Amino acid sequence: MPTHTDMLQRMLLPALAFAVLVALLVGVHIALEWKFRDRPDRAFLRHTVLLALTLFATVAFIILLPITDTLRGQILGFLGILLSAAIALSSTTLLGNALAGFMLRAVRSFHAGDFIQAGEHFGRVATRGLFHVEIQMADRSLTTLPNLFLATTPVKVIRSSGAIVAAEISLGYDVARTRAE
């Protein structure tokens, strides 16, 4: 029968590994936030890196648990099944938006700061994320457009280096045309 000291020693490595992995994830999160604080268009990269590191940390923690190889294999297999089921069940929206996000990044048709028109939506691209793009409308409100919508809808792009000038003029009946001209 194992003593309390033996149990404590067996749990010390996984507990220490868990603390190190959580500290690593928090440290990477803070470092990425600090590095890209002036670059909201890099949220996509930050989210992708944090997702990959979280999956890696989860697998590493399971490997370091003081359990038999058979149980470890079953837990990792179950984790794989859960991940596959999550992707399969949400593939139409989650995976579709993520893949559309990768496609929009690869095509590079617009960047943060550019003006875009997609369907009835027109505004300045504020941020680009893994699943959506936020645009600032003319009334300064933010609208979120899914990447899948932008990948399947024609998008008109006006580069941020240009200027947009618009004016509305109307004449009353009491002003002569020649005077207005």
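See the structure printed just above.
Residues numbered from 1 in each chain as written. Predicted model: local features only at pLDDT ≥ 70, side-chain atom pairs only at ≥ 80, totals over all residues. Heavy atoms only, no water.

Peer 1: Can you lay out the overall build of the chain for me, pointing to particular residues and giving the numbers?
Peer 2: If you tally the helices and strands in the chain, you get six helices and five strands. Mapped from its N terminus to its C terminus, the chain presents α and β elements in the order α-α-α-α-β-β-β-β-α-β-α. Counted over contacts in the chain with a minimum sequence separation of 6, partners at least 24 positions apart contribute 49%. Carbon and sulfur atoms make up 67% of the accessible area of the chain, which amounts to about 12900 Å² in all. (Helix = DSSP H or I, 4+ residues; strand = E, 2+ residues; numbered from the N terminus. Contact = heavy atoms within 4.5 Å. Areas by Shrake-Rupley, 256 points an atom, 1.4 Å probe, with all protein chains shown as cover.)

Peer 1: Describe in detail the side chain of His121, supporting the description with residues and values.
Peer 2: Counting through the fold element by element, His121 comes out in strand S2 (residues 121-128). In this structure the side chain of His121 is engaged in a polar contact, spanning 3.4 Å, whose partner is the side chain of Glu120. Residues within four places of His121 in sequence aside, it is in contact with Ile116, Ile135, Met137, Thr143, Leu145 and Phe149. (Polar contact = N/O pair within 3.5 Å; in protein donor to acceptor, adjacent residues only side chain to side chain.)

Peer 1: Report on the pattern of salt bridges, specifying residues and quantitative values.
Peer 2: Evaluated as defined, the whole model comprises two salt bridges. Note that Arg72 is salt-bridged to Asp69, the shortest N-O span being 2.8 Å. On the criterion of helical spacing, the pair formed by Arg72 and Asp69 is a turn pair, its members being three residues apart in helix H3 (residues 69-89). Note on Asp69: relative accessible area 63%, which makes it exposed. (Salt bridge = Lys/Arg side-chain N within 4 Å of Asp/Glu carboxyl O. Buried < 20%, exposed > 50% of the residue type's maximum accessible area, 1.4 Å probe, protein only.)

Read these as layout, nothing more, since geometry by itself doesn't imply function.
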